[in-house]
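Structural overview for review
Here are the chains, one letter per residue:
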Amino acid sequence: MLGKGVVGGGGGTKAPKPSFVSYVRPEEIHTNEKEVTEKEVTLHLLPGEQLLCEASTVLKYVQEDSCQRGIYGKLVCTDFKIAFLGDDESALDNDETQFKNKVIGENDITLHCVDQIYGVFDEKKKPLFGQLKKYPEKLIIHCKDLRVFHFGLRYTKEEEVKRIVSGIIHHTQAPKLLKRLFLFSYAAATQNNTATDPKNHTVMFDTLKDWCWELERTKGNVKYKAVSVNEGYDVSERLPAYFVVPTPLPEEDVRCFQGRGIPIWCW
């Protein structure tokens, strides 16, 4: 069992408690680059999306106001978005609401959502434009949806800092030709990979097959059938080219109605 420490002789004076308090922030302490560990996270690219530039060992601050906590990861820029790849779940608070869907993740910023870009040089915040002669230690991105991202570049390689900062500035501020917008490359890529399964795309009911799939899905093919008698809009210009009628009704008899009083399946 350990006893209380004493100094001196007969007085038995207790050792004074240390009163020194360090006010050095965590990011100001020199860190060996080898000790910085990053969790490998896969970059999710949409069809037609291309990776333009990236930088490793980037520190994303979790508390932007005081910059007291952060996580290391990779900062990337594509022709659609700016994304940070890191182990977010271990750094975020459990009660923090995360923004995520199938297109945009918690740490993704679409290029069109970027409002202002700032750099921190020797603790001074300056807006970034065009070609830079000196590159910042911190990168701050203000978004049009009021989100603010703080990235530390102190431990990132100099050539990677130049690529990622220049790339983000160029692709968010430089005007683009209409045909070079990501929307067109995305549309071309998805059009080439159009799935035949109706579960993988929006059913527009503009083909006979769409109605057949719907009848099969709803078990309506027991009493109803899809017809193409109005494919050339000969029966009625107001009715769609394909629709559903009761099975007992012969398809050739639909022409007798001339677009009026046809028993059509609807809901």
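In this report, the structure presented in the accompanying data block is examined.

Here is what the cut-offs are and how they apply
Residues numbered from 1 in each chain as written. Predicted model: local features only at pLDDT ≥ 70, side-chain atom pairs only at ≥ 80, totals over all residues. Heavy atoms only, no water. Helix = DSSP H or I, 4+ residues; strand = E, 2+ residues; numbered from the N terminus. Expected span 1.5 Å × (residues − 1). Buried < 20%, exposed > 50% of the residue type's maximum accessible area, 1.4 Å probe, protein only. Phe/Tyr/Trp six-rings, centres within 6.5 Å; stacked < 30°, edge-to-face > 60°. 1 Å grid on protein atoms, 1.4 Å probe; cavity = no way out; pocket = protein on both sides within 12 Å on 5 of 7 lines; lining within 4 Å. Points joined across faces, edges and corners; volume = space filled by probe spheres on them. Pairing = 2+ DSSP bridges. Axes fitted to C-alpha atoms, helices over the stretch in contact; angles between N-to-C directions. Patch = residues over 30% accessible without salt bridge, like charges linked within 9 Å, V, L, I, M, F, W, Y side chains within 5 Å. Areas by Shrake-Rupley, 256 points an atom, 1.4 Å probe, with all protein chains shown as cover. Salt bridge = Lys/Arg side-chain N within 4 Å of Asp/Glu carboxyl O.

Helix length check: helix α2 (residues 158-173), at 16 residues, gives a terminal C-alpha distance of 22 Å against a target of 22 Å (1.5 Å per residue), a fit within 8%. Every buried residue belonging to α2 is among Glu 160, Val 161, Ile 164, Val 165, Gly 167, Ile 168, Ile 169, His 171 and Thr 172, and all of these are buried.

Attention now moves to the packing of aromatic side chains. Summed over the entire model, instances satisfying the criterion amount to 7 aromatic pairs. Summarising the aromatic geometry, the rings of Phe 84 and Phe 151 are spaced 5.9 Å apart at their centres and angled 35° between planes, so their arrangement reads as tilted. In this pair, Phe 84 sits in strand β5 (residues 81-86) while Phe 151 sits in strand β10 (residues 148-152), placing the two residues 67 residues apart along the sequence. Just as Phe 84 is buried, Phe 151 falls in that class too.

The rolling of a water-molecule-sized probe over the atoms marks out the regions of remaining empty space. Taken as a whole, the second largest pocket holds about 310 Å³ of empty space. Around the second largest pocket, the lining comprises 19 residues; the ones closest to its centre are Leu 111, His 112, His 171, Thr 172 and Gln 173. Listing elements by their share of the lining of the second largest pocket, those giving two or more residues are β7 (114-121), α2 and α3 (182-192). Top contributing element to the lining of the second largest pocket by residue count: β7, with 4 residues.

This paragraph deals with the pairing of strand β3 (residues 51-61). By the bridge criterion, 8 bridges tie β3 to strand β4 (residues 70-78) in an arrangement that is antiparallel. Paired with Val 58 across the bridge in β4 is Gly 73. Across 2 bridges, β3 lies against β10 in antiparallel orientation. Paired with Leu 59 across the bridge in β10 is Gly 152.

Looking now at the sheet that holds β7. Taking strand neighbours across the sheet as the criterion, the 8 strands line up as β6-β5-β4-β3-β10-β9-β7-β8 in an open arrangement whose pairing is antiparallel. Each edge of the sheet is formed by a strand with only one pairing partner; in this case those strands are β6 (108-110) and β8 (124-127). Direction aside, neighbouring strands of the sheet carry axes that sit 30° apart on average. Relative to β8, β7 runs antiparallel, the two sharing 4 bridges. Note that in β8 the partner of Tyr 118 across the bridge is Pro 127.

Another aspect to go through is the environment of Val 120. If you trace the backbone, Val 120 turns up in strand β7. Remark: the alpha-carbon pair of Val 120 and Lys 138, spanning 18 residues in sequence, is separated by 5.0 Å.

Bringing a nonpolar patch on the surface into the picture now. Residues Leu 178, Leu 183, Phe 184 and Tyr 186 make up a contiguous nonpolar surface patch of roughly 420 Å² in combined accessible area. Turning to its location among the elements, Leu 178 is positioned in the loop between α2 and α3.

Moving on, we get to the pairing of β7. Relative to strand β9 (residues 138-143), β7 runs antiparallel, the two being bridged by 6 bridges. Looking at the pairing, Val 114 lines up with Cys 143 of β9. Hairpin connection between β7 and β8: a loop of 2 residues separates the two successive antiparallel strands, and Asp 122 in this loop has a positive phi of roughly 50°.

With that settled, consider the environment of Gln 191. If you trace the backbone, Gln 191 turns up in helix α3. In the structure, Gln 191 is positioned 144 residues away from Pro 47 in sequence and 9.8 Å away in space, judged by C-alpha atoms.

So, on to the pattern of salt bridges. Scanning all chains against the criterion turns up 7 salt bridges. Glu 137 is paired through a salt bridge with Arg 154; the nearest N and O atoms lie 3.4 Å apart. On the criterion of sequence distance, the pair formed by Glu 137 in the loop between β8 and β9 and Arg 154 in the loop between β10 and α2 is long-range, its members being 17 residues apart. Its relative accessible area of 31% is what places Glu 137 among the partly exposed residues. Arg 217 is the partner of Glu 214 in a salt bridge, and the nearest nitrogen-oxygen pair spans 2.6 Å. Residue Glu 214 and its partner Arg 217 are located together in helix α4 (residues 208-217), separated by 3 residues, close to a single helical turn. For Glu 214, a relative accessible area of 11% translates into the label buried.

Worth remembering: the numbers are spatial, not functional.
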